[in-house]
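Reading the structure
One letter stands for each residue in the lines below.
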Amino acid sequence: MSSQSPRKGSLVGSRIRELRKGRRLTQTELSDRIGIAQSDLSRMEQGEYKVGLDTLFKVLQVFELKMGEFFGETEDPQAAETRELVKEYQGLSSKAQREVRDFLRFKKLQEQSQPEPDSPAAPHEEETS
Amino acid sequence: MSERRKHLEFLRKTAKEAIWAGDYERALTLYDDGLSLARSWKDRDLEDLFTCNRATTLIEMDRQDFDLSRLKEILLRNPSGYNGALAGYVAANAHEARGEFGRARFYAQTALTKSRELGLEELTGTSLNLLASLELHEGRFEAARDLFQEAVERLESEGESLSRHAAVATDNLGYCHIALDRMELGLPLVHRSLSVLDSLGARQAMDYPTLDLCFASVKTSRLDEAESWGIRALGLGKEFGREDVVKNAHYLLAEAYSEMGRDSEADEQYEALAVYYPDFPALKNYLHQISLMEVINLRA
C-alpha cells in the first residue's frame, strides 16, 4: 500500500489555517467550536501542536469535510458532476423524476442501436492495421 | 498508632494494591468500609483521608459520582496538612477527568506547592507528574518532559525508583522523548517502566507503556514489534475500559499493517476505529492514504 502511494502526514496545521480563512472564521471562533484554547489553535496552525484523534476528527466535523478534502485532495471532476446531477434529480417532483428516467431509458436504447463512431477499436482491427 | 488507625491503614494499603492491580470494585468497597468506620469513630482526619482515596478510585473508574466541593472543603480546612495537599491533588485529577484543564492546573499547582512546603516527596512527585500530563495534553512536549524529569528525580531521590508512581512518571518521560524523536532516550525509559510495573503486578498501568512501545516501533518501522505491542496495548485498553488506549491502539495497529501491506488486517483495525467516529463513514478509506503519525499525540 505505502509503496504504491506515499501517505501524507505533514502540513495539517497549514491546511487548518487555509480552511479557517476560507470560511472567514477567526482563530477564536474556530477554537471555541473545537473546544481548545485560541493559543493552542495558533500553535496547531504553525505545526507545533500535536493532537489526539478526537481533536483531529472534531476539526473535520467543524469544517464538514472528509479526510481527503481536509488534506486538499481534489475530487474527480466527473464524480463531482455525477453528484450534482443526482442532487438535481432528487430535487425534482416525482412526475419529473419519472420523465427523466424515461428519457434515460430512451437514450440507452438509442446508444445500443447506434454505436458511437469513436468507440474503441476491436482487437482484430488492431492486428490488421 | 492506635488499633483503629492500624486497621484503617491496613484497609488503605489493601485498597491501593487492588487499584494498581485494576480491581477497582474491591478497592471501592474497602474505601467505603473505611469511610463508614472513620465516620462512626468521629475521626475527622481519617474521614477526610478516606474521602480523598474513595474519590481517586471513582476517578480511575471514570465515575464522577462524588462530591467535588467536599474535596475543596478538605483543602480549605487543612491548609498546612497532608489531607489538604492530597485533596488538592485529587481535585486536580477530578477536573482533568472532566476536561476542565485550567482548573486542573490550578489545583495541581496548589497540591505541588503544599506538598513541597510539607516535604511530602511522593505527593510532590505525583503532583509534578500531573502538571506534566496537563502540559502533554496540550502538546507542550518540552515543558512536559522537564516536569516529568523532575517528577522522576523526586521519586527516585526518596528511594522510590522501583515504585509504581515512579514507573508511571518514567514511562511518561520516555513517551515525551519518543514523540520528540529521541528514541535512544525514550525507549530504555519505557522498557524500564514496563518491567517495574509488571514486576509489581500493576497491570492497569501497563497499557500506556505498551502503547508507547507500539508508537515507537511504528515510528522506527519495526513493524513486527509494533504489531506485538499494539495487540498487547489493545488487550489492556479493553480490559480496563480505557477508550483512548483502545482507539490509539487500533490506529497504530492499522498503521503497522498498512505499512506491512497487510491490507485486510489494516481494514479491520480502521473499521474498529471508525465505530468511534460514526460521523466519518469514509474514515477507513482515507486513513489508508494518509498517515497521522507526525501529528498524533497519544496523551491528548
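1. Examining the overall build of chain B
A count of helical and extended segments in chain B gives 15 helices and zero strands. For 300 residues, the compact-globule estimate of 2.2 N^0.38 gives 19 Å, and the C-alpha radius of gyration of chain B, at 20 Å, lies within 12% of that figure. Along the first, second and third principal axes, the C-alpha set of chain B runs to 65 × 35 × 35 Å. Going through the 300 residues of chain B one by one, you find that 48% of them count as buried.

2. Topic: the overall build of chain A
Along its length, chain A carries eight helices and zero strands. When the elements of chain A are put in sequence order from the N terminus, they spell out α-α-α-α-α-α-α-α. The 129 residues of chain A split such that 14% are buried.

3. Considering helix 3 (residues 44-60) of chain B
Residue and element names in this part refer to chain B. Taking 1.5 Å per residue as the helical rise, helix 3 with its 17 residues ought to reach 24 Å, and the 24 Å between its terminal C-alpha atoms agrees with that figure. Most of helix 3 sits out of view: twelve of its 17 residues are buried. Along helix 3, the residues that are buried comprise Leu 46, Glu 47, Asp 48, Leu 49, Phe 50, Thr 51, Cys 52, Asn 53, Arg 54, Ala 55, Thr 56 and Thr 57. Looking at the buried residues of helix 3, the elements they touch are helix 1 (3-20), helix 2 (24-40), helix 4 (68-77) and helix 5 (82-97). Directly after helix 3, the chain includes Asp 62, whose backbone phi takes a positive value near 60°.

4. A short note on the confidence of the model for chain A
Residues and elements named next belong to chain A. Put simply, chain A has an average pLDDT of 71, and 63% of its residues get 70 or more. The element-level mean pLDDT for chain A is lowest in helix 8 (residues 123-128), coming to 41, with helix 7 (residues 94-113) highest at 89. Counted against residues more than four places away or in other chains, residues 1-10, with its pLDDT under 50, gives 21 contacts. Note on residues 119-129: pLDDT is under 50 here. Beyond four places in sequence and across chains, it has one contact.

5. Notes on the nonpolar core
Counting 102 residues, the largest nonpolar core has Leu71(B), Val90(B), Ala108(B), Phe148(B), Cys214(B), Ala249(B) and Leu252(B) as the members making the most contacts within it. Beyond its immediate stretch of four places on either side in the chain, Ala108(B) contacts Ala92(B), Ser127(B), Leu130(B), Leu131(B) and Leu134(B).

6. Examining the packing of helix 2 of chain B against helix 3 of chain B
Residues and elements named next belong to chain B. Axis separation between helix 2 and helix 3 bottoms out at 9 Å; the angle between their running directions is 160°. By the angle between their axes, helix 2 is roughly antiparallel relative to helix 3. For the pair helix 2 and helix 3, the crossing hand works out as left-handed. The segment helix 2 lies against helix 3, with Tyr 24, Ala 27, Leu 28, Tyr 31, Asp 32, Gly 34, Leu 35, Ala 38 and Arg 39 engaging Leu 46, Glu 47, Phe 50, Thr 51, Asn 53, Arg 54, Thr 57 and Glu 60. Classifying every residue of the contact of helix 2 with helix 3 gives eight nonpolar, four polar and five charged.

7. Quick notes on unusual backbone geometry
Non-glycine residue Arg24(A) carries a positive phi angle of around 50°. Classification of Arg24(A) by C-beta neighbours within 10 Å gives exposed; the count is 7. Although it is not a glycine, Asp181(B) sits at a positive phi angle of roughly 65°. Within the fold, Asp181(B) resides in the loop between helix 9 (164-179) and helix 10 (183-199). Overall, the presence of 12 C-beta atoms within 10 Å leaves Asp181(B) in the exposed class.

Cut-offs applied
- Residues numbered from 1 in each chain as written.
- Chains lettered and ligands numbered in written order.
- Predicted model: local features only at pLDDT ≥ 70, side-chain atom pairs only at ≥ 80, totals over all residues.
- Helix = DSSP H or I, 4+ residues; strand = E, 2+ residues; numbered from the N terminus.
- Rg over C-alpha atoms; globule rule 2.2 N^0.38 Å.
- Buried ≥ 20, exposed ≤ 12 C-beta atoms within 10 Å, placed from the backbone.
- Expected span 1.5 Å × (residues − 1).
- Contact = placed C-beta atoms within 7 Å.
- pLDDT = per-residue confidence, 0-100.
- Core = buried A, V, L, I, M, F, W, Y, C linked by C-beta atoms within 7 Å.
- Axes fitted to C-alpha atoms, helices over the stretch in contact; angles between N-to-C directions.
- Parallel < 35°, antiparallel > 145°, perpendicular 65-115°, else oblique.
- Left-handed = near helix turned anticlockwise from the far one by under 90°.
- Nonpolar A, V, L, I, M, F, W, Y, C, P; charged D, E, K, R; others polar.

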